[in-house]
Amino acid sequence: MRRGITLLEVVVSVAILALLGAVSLVSFTNSRRVRDLTTAGGNVLSILRFAQARALGGEDNSPWGVKLEQNQFTLFRGASFSGSTLTEVHALPSGIEVANIVLAGGGQEIVFKKISGATDQSGGFDLRTASVSANTFSVTVEGSGKTYQTGSVPAALGSRIADARHRSFGLGWSIKNSVAATLVFFDPPNPDTVSTITMTPAPPRTIFDWTGTIVVGGQNQTLRIHAVSISDTNTTLHIDRDCRKNNKKLKLSIDTREIATYGADCQTVTVGAFGGVMSEP
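Residues numbered from 1 in each chain as written. Predicted model: local features only at pLDDT ≥ 70, side-chain atom pairs only at ≥ 80, totals over all residues. Heavy atoms only, no water.

As recorded by an unreviewed UniProt entry, the chain carries the name Type II secretion system protein and is attributed to Candidatus Sungiibacteriota bacterium.

The structure is reproduced here in structure tokens:
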């Protein structure tokens with residue numbers, strides 16, 4: 001005897017399938033939002049670190065910062081977002097938002113200081129999924145300018161000498177009447193590239209600031225050499241050598257007096273016989 005499917009059985013089957021579909025959809029949506037949250041957190045950290053790197057390198061002779069808004073974050077050049085002439089907007093994925101911004105001094109901007117890379121806006125904020133069961137990606141900003149996901153502070157490297165972007169040299173002698181700076185780039189097995197820089201203004205000087213690009217083996221090497229103080233008996237010399245723009249070993253001398261040698265690995269700096277005392281300002 002044959003028996004057909006009743007209407008009630010059809011209704012129950014359809015309801016079960018609908019319920020399973022709804023559960024699967026919710027699970028898929030949540031999984032996608034968690035993935036978007038992780039990606040957005042990584043992007044925010046990258047932009048914050050990029051802003052600090054530009055400030056550390058003295059790029060455009062300016063501080064650099066990031067402004068946080070609910071649905072986006074913006075990289076900007078300058079001491080504040082409102083006075084910036086260069087901005088770069090990064091939108092957050094749909095369903096991800098910035099929340100719980102707590103920065104020293106209030107506000108929604110994190111500004112990294114020129115050369116030191118430090119910030120007065122220490123604190124933190126959250127990225128979160130805009131849903132009932134919200135997930136969060138929390139970011140910590142230290143006064144030193146270090147940024148990281150809260151609870152996962154990177155191991156200390158001791159100092160930025162691992163990157164060697166910026167160093168200060170208390171020479172113990174004066175460049176007031178110096179004539180030339182010499183840059184020797186090593187590019188084995190090719191011959192060394194020697195560049196002589198005529199120092200300006202003419203002696204006796206109280207300031208010195210040089211930025212330039214030298215082509216070595218077909219690759220640009222860009223750095224800045226500037227004195228923050230020059231007296232009759234002493235000089236405080238700063239050298240900015242961004243590792244993103246330099247990959248050749250370099251020896252710097254002034255009037256044949258060796259100041260420092262930078263390794264091609266962008267990690268080592270050796271003080272020369274006339275380099276005085278090297279420090280991290």
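Don't stop here, the text continues.
*Asks:* Talk me through the overall build of the chain; I want residue IDs and the actual numbers.
*Replies:* Across its full length, the chain holds one helix and 18 strands. Approximately 14,600 Å² of the chain is accessible, and the part contributed by carbon and sulfur atoms is 56%. (Helix = DSSP H or I, 4+ residues; strand = E, 2+ residues; numbered from the N terminus. Areas by Shrake-Rupley, 256 points an atom, 1.4 Å probe, with all protein chains shown as cover.)

*Asks:* Tell me about the side chain of Asp240, and please be specific about residues and values.
*Replies:* Structurally, the position occupied by Asp240 is in strand β14 (residues 235–240). Assessed through its relative accessible area of 3%, Asp240 is described here as buried. Among the polar contacts listed, one links the side chain of Asp240 to the side chain of His226, at a separation of 3.3 Å. (Buried < 20%, exposed > 50% of the residue type's maximum accessible area, 1.4 Å probe, protein only. Polar contact = N/O pair within 3.5 Å; in protein donor to acceptor, adjacent residues only side chain to side chain.)

*Asks:* Let's hear about the nonpolar core: which residues, and what values?
*Replies:* Within the largest apolar cluster, 26 residues are counted, with the highest numbers of intra-cluster contacts made by Ile175, Leu183 and Ile259. Looking at this core, the elements that each hand over two or more residues are β10 (180–186), β12 (208–216), β13 (219–230), β14, β15 (249–254) and β16 (257–262). Core analysis: the next-biggest nonpolar cluster, separate from the first, contains 24 residues, Ala40, Val44, Leu103 and Ile110 among them. (Core = buried A, V, L, I, M, F, W, Y, C linked by side-chain atoms within 4.5 Å.)

*Asks:* So what's going on with unusual backbone geometry? Residues and values would help.
*Replies:* A cis geometry characterises the amide bond from Thr200 onward to Pro201, with omega recorded as -5°. Cis peptide bonds are those with omega within 30 degrees of zero, and the linkage from Pro203 to Pro204 qualifies with -5°. Look at Asn100: it is not a glycine, yet its phi comes out positive at around 55°. Along the chain, Asn100 falls in strand β4 (residues 96–103). If you check the backbone angles, Asp255 has positive phi at about 50° while not being a glycine. Along the chain, Asp255 falls in the loop between β15 and β16.

*Asks:* Which residues make up the packing of aromatic side chains, and what values go with them?
*Replies:* In this structure the tally under the stated criterion is one aromatic pair. For the cation-ring pair, Arg54 lies above Trp64, with the distance from its terminal atom to the ring centre recorded as 4.5 Å. (Phe/Tyr/Trp six-rings, centres within 6.5 Å; stacked < 30°, edge-to-face > 60°. Lys NZ or Arg CZ within 6 Å of the ring centre and 35° of its normal.)

*Asks:* Give a detailed account of the sheet that holds strand β3 (residues 87–91), specifying residues and quantitative values.
*Replies:* Spatial strand order, β3-β2-β1-β5: four strands in an open sheet with antiparallel pairing. With partners counted over all chains shown, the strands left at the sheet margins are β3 and β5 (109–112), one partner each. With strand direction ignored, the average angle separating the axes of adjacent strands in the sheet is 15°. Bridge analysis of strand β1 (residues 64–68) against strand β2 (residues 72–77) gives five bridges, and the strand direction is antiparallel. Looking at β2, one finds that Gly65 is bridged to Phe76. (Pairing = 2+ DSSP bridges. Axes fitted to C-alpha atoms, helices over the stretch in contact; angles between N-to-C directions.)

*Asks:* I'd like a description of the environment of Ala91, backed by residues and values.
*Replies:* Its place among the elements puts Ala91 in strand β3. Spatially, the C-alpha atom of Ala91 lies 6.6 Å from that of Phe73, the residues being 18 residues apart in sequence. What Ala91 contacts, discounting residues up to four positions off in sequence, is Asn71 and Gln72. (Contact = heavy atoms within 4.5 Å.)

*Asks:* Which residues make up the environment of Gly172, and what are the values?
*Replies:* Of note, Gly172 is situated in the loop between β9 (166–170) and β10. Separated by 102 residues in sequence, Gly172 and Phe274 have C-alpha atoms that sit 8.2 Å apart. Residues contacting Gly172, with those up to four places away along its chain left out, are Thr233, Asn234 and Thr235.

*Asks:* How would you summarise the sheet that holds strand β7 (residues 136–141) if you had to cite specific residues and measurements?
*Replies:* In a beta sheet, neighbouring strands pair by backbone hydrogen bonds and run either parallel or antiparallel. Strand order in the open sheet formed by four strands is β4-β6-β7-β8, with antiparallel pairing between adjacent strands. The two strands at the open ends of the sheet, each matched to only one other strand, are β4 and β8 (147–149). Each neighbouring strand pair of the sheet contributes to a mean axis angle of 20°, computed without reference to strand direction. Of the pairings in the sheet, the one linking strand β6 (residues 123–129) to β7 comprises six bridges and is antiparallel in character. Residue pairing in the sheet places Arg128 in a bridge with Thr136 of β7.

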